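# Residue-level structure breakdown
Listed here are the chains, written in short residue letters.
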Amino acid sequence: MPLSVTRILRSLPITVSVLGAMARPFTPEDLVQTNRLGDTAVSPGSTAVAYIQSQYSIDSKRQTTKLKVRSLNDNIFNDNSIEVVIHSADARVNPPKDSADEKSESDAESDNLKKKLKPSQPVWLSDSVLGFVTPDKSSSGSTLYAVSQRKGRWSKPHPLVSMPVPISSVQFSPESGILAFTADVYNGTSTLEETADIDRQEQERADTAQVYEDLWVRHWDTFTSPKLPQIHTLKLVSTSDNSLKPKGQPRNIIKDTEADGRLEASDSFVLSPNGLQIAFVAKKPGKDYAWKTTSYVYLADVDGSAAVPINPGKGGASSSPAFNQDGTKIAYVQMADPTYEADRNQIKIYDISAKSTVNVAADWDRSPGHVEWADANTLLVTYNEYGRNKLAKVDIATGDITPIVSSHAVNSFKVLAGTDRILINYSALDLPNDLYTISTDGSDLIQVTDTNPTLGKDVALSVPEDVEFVGADNATIHGFLLRPPQFDASKQYPLAFVIHGGPQSSFSDAWSPRWNLNIFAAAG
């Protein structure tokens, strides 16, 4: 049965307490000090999940970042997470000289390495070896470290490969030994070191002027950079001591692609099951780059062969490419209108060998977001409906939609290979993000993480209520009502009418560290 029980999160171990007389109001200070769930990665055998958890302390002015690992084998919630790496640093822009972070190199070298490195982007290199990326302050680059698990204990981190520039979206294929990542590079450069050299030259300039030769000048509040995010691959090979080492240099798999202008890869790229191909999304280059949303799904070999779009044409924005289990097909979503950022996404499947595309559930009047393959005949998709970010199964042949999770917000999900379960990042207006697993039939929800175990015991959070009213053009408008703590129906309270309409998106029953509606309600 699909999970749709009202306020289902309140029946779980992290239950938020009823607004009692002893609970104090939720404050902005509480919000900024909540633990935040970051990047996650599932082990190849789906037996464990690694994730980043961060927290800021107002009193100490320090940011603590942890790399944690949690088993996925438990049938009930059991907080057996292991802290693999813990990093704490002064979060001020200019820490005072007497800060704990201002120490000599000899002192720093004597510290536990697990506390010296700030972890990000966990990536499993095998079921017992976990990688993570840490910034290199001395070179402004990045280093990929690895830790190994033996008899339940994790080793000290050891460096695998250093990059002269920051990298992101790191992925690894144990089948091919290919490490893939995104790096911002200058157009026309052949190596990452060339980009690093230009960056060093730019830092010596006495001005910050930038010449623009096309209309793609600024996106929202950020001026575009002459550097482009592009995908690179690097081969890792085994060593005699069962470790890994790089073979050769990183290869830019986009550089040689024919393109009339900028070719910027989005972060949503995926490796094929055999690790020999990559599917990624990039906006269509050309003179209309700034006012058209058209983007293509490109298919490229990891050895650097020119990337080819699988859906060339005049459509709108594409997103969320996903290989099927045998790597012969790619599912993705695409908008039809290239001039409308909030057009409805439509599900498509591309057959690589036949070079043909079919539409799936074409008559469905919802806009799917993220898509993955459950099996050869079924897709999994997220979509928004009535203020909920839902998860559903889509029958490829019939287009039938079967909800799996219908309450609150599935912010992201990952199919657990070799099982009938899905890992979901799940939240609500009255509960921060945590990880859960759920069966593909919508039953047996199991909590995996508990990032804020004390929230709700001493702090009152308002439970959202669904409301409807008549708006412009007699349209029925849906929203959420959050009452202040200690609400007394006999009293009058000021009303904050908070609107976050799109048309791209709207408020959902989801936690947000930015637009947090419980902060408004707590103000009374």
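Remember, it's a predicted structure, so these values are computed and weren't measured experimentally. (Residues numbered from 1 in each chain as written. Predicted model: local features only at pLDDT ≥ 70, side-chain atom pairs only at ≥ 80, totals over all residues. Heavy atoms only, no water.)

## Some remarks on the overall build of the protein chain
- Regarding its fold elements, the protein chain presents 5 helices and 35 strands.
- Here the C-alpha atoms of the protein chain give a radius of gyration of 24 Å, agreeing with the 24 Å that 2.2 N^0.38 yields for 524 residues.
- Seen along its three principal axes, the alpha-carbon backbone of the protein chain occupies a region of about 70 × 60 × 55 Å.
- Counting across all 524 residues of the protein chain, residues that qualify as buried make up 46%.
- In the protein chain, 48% of the contacts between residues at least 6 apart in sequence involve partners at least 24 apart. (Helix = DSSP H or I, 4+ residues; strand = E, 2+ residues; numbered from the N terminus. Rg over C-alpha atoms; globule rule 2.2 N^0.38 Å. Buried < 20%, exposed > 50% of the residue type's maximum accessible area, 1.4 Å probe, protein only. Contact = heavy atoms within 4.5 Å.)

## A short note on the pairing of strand β19 (residues 295–301)
- Of all 7 residues in β19, 6 are buried; the element is thus mostly enclosed.
- In this sheet, β19 lies alongside strand β18 (residues 277–283) in antiparallel orientation, the contact comprising 7 bridges. Bridge pairing in β19 links Lys283 to Ser295.
- Of the strand pairs in this sheet, β19 and strand β20 (residues 308–309) are connected by 2 bridges, and their pairing is antiparallel. By the bridge assignment, Leu299 is partnered in β20 with Val308.
- Linking β19 back to β20 in an antiparallel pair, the connection comprises 6 residues, with Gly304 at a positive phi of about 105°. (Pairing = 2+ DSSP bridges.)

## Concerning the sheet that holds strand β16 (residues 244–252)
- The 4 strands are arranged β11-β12-β15-β16 in an open sheet whose pairing can be described as antiparallel. Whereas interior strands pair on both sides, the edge strands pair on one side only; in this sheet they are β11 (168–173) and β16. Taking each pair of neighbouring strands and ignoring which way they run, the sheet shows an average axis angle of 30°.
- As paired strands, β11 and strand β12 (residues 178–186) are joined by 4 bridges and run antiparallel to one another. Opposite Phe172, over in β12, you have Leu179 as the bridge partner.
- Along the sheet, helix α4 (residues 192–203) makes contact with β12, β15 (227–238) and β16, crossing β12 at roughly 30°. (Axes fitted to C-alpha atoms, helices over the stretch in contact; angles between N-to-C directions.)

## Considering the pattern of salt bridges
- What the rule picks out here adds up to 17 salt bridges.
- The partner of Glu83 in a salt bridge is Lys66, and the shortest N-O contact between them spans 2.9 Å. Separated by 17 residues along the polypeptide, Glu83 in strand β5 (residues 82–90) and Lys66 in strand β4 (residues 62–71) bring together distant segments of the chain.
- Among the ionic pairs, Lys390 bridges to Glu385, the shortest N-O distance being 2.7 Å.
- Lys390 gets classed as buried once you look at its relative accessible area, which sits at 12%. (Salt bridge = Lys/Arg side-chain N within 4 Å of Asp/Glu carboxyl O.)

## Side note on the sheet that holds strand β24 (residues 356–360)
- With antiparallel pairing, 4 strands are arranged side by side in an open sheet as β21-β22-β23-β24. Two strands bound the open sheet, and with one partner strand each, they are β21 (318–323) and β24. Pairwise comparison of adjacent strand axes, ignoring direction, gives a mean angle of 25° for this sheet.
- Inspection of the sheet shows strand β23 (residues 346–351) paired to β24 by 5 bridges, in the antiparallel sense. By the bridge assignment, Ile347 is partnered in β24 with Val360.

## Regarding a nonpolar patch on the surface
- Among the surface-exposed residues, Phe469, Ile477, Leu495, Phe497 and Ile499 lie close enough to one another that they form a single nonpolar patch of about 560 Å² accessible area.
- Examined against the element boundaries, Phe497 turns out to sit in the loop between β35 (476–481) and α5 (517–522).
- A relative accessible area of 59% means that Phe497 is categorised as exposed. (Patch = residues over 30% accessible without salt bridge, like charges linked within 9 Å, V, L, I, M, F, W, Y side chains within 5 Å. Areas by Shrake-Rupley, 256 points an atom, 1.4 Å probe, with all protein chains shown as cover.)

## Observations concerning α4
- When the terminal C-alpha atoms of α4 are compared, their 17 Å separation across 12 residues agrees well with the 16 Å that a helix rising 1.5 Å per residue should span.
- For α4, the complete set of buried residues consists of Leu192, Thr195, Ala196 and Asp199. One side of α4 carries all its buried residues, which in axial view fall inside an arc of 100°.
- Each element contacted by the buried residues of α4 is listed here: β10 (158–163), β12, β15 and β16. (Expected span 1.5 Å × (residues − 1). Arc of directions from axis to C-beta.)

## Notes on the pairing of β18
- Buried residues dominate β18, accounting for 5 of its 7 residues.
- Examined bridge by bridge, strand β17 (residues 270–271) and β18 share 2 bridges and lie antiparallel to one another. By the bridge assignment, Val270 is partnered in β18 with Ala279.
- In this antiparallel pair of consecutive strands, β17 and β18, the connection spans 5 residues, and Gly275 shows a positive phi of 70°.

## Overview of the environment of Lys156
- Summarising the element assignment, Lys156 is placed in the loop between β9 (153–154) and β10.
- What makes Lys156 exposed here is its relative accessible area of 66%.
- In sequence terms Lys156 and Leu276 are 120 residues apart; their C-alpha atoms lie 31 Å from each other.

## So, the packing of aromatic side chains
- Taken as a whole and judged by the stated rule, the model has 10 aromatic pairs.
- Consider the rings of Trp216 and Tyr289, whose centres lie 5.3 Å apart with planes at 75°: the pair is edge-to-face. Of this pair, Trp216 sits in the loop between α4 and β13 (218–219) while Tyr289 sits in the loop between β18 and β19, and the two are 73 residues apart along the sequence. Like Tyr289, Trp216 is buried.
- With a centroid separation of 5.5 Å and 85° between ring planes, the pair formed by Tyr426 and Tyr436 is classed as edge-to-face. (Phe/Tyr/Trp six-rings, centres within 6.5 Å; stacked < 30°, edge-to-face > 60°.)

## Section: the environment of Gly248
- Note that Gly248 resides in strand β16.
- Residue classification places Gly248 among the exposed residues on the basis of a relative accessible area of 52%.
- Through-space distance from the C-alpha of Gly248 to that of Leu234 is 7.3 Å; in sequence the pair is 14 residues apart.

Any functional reading would require information that these geometric values do not contain.
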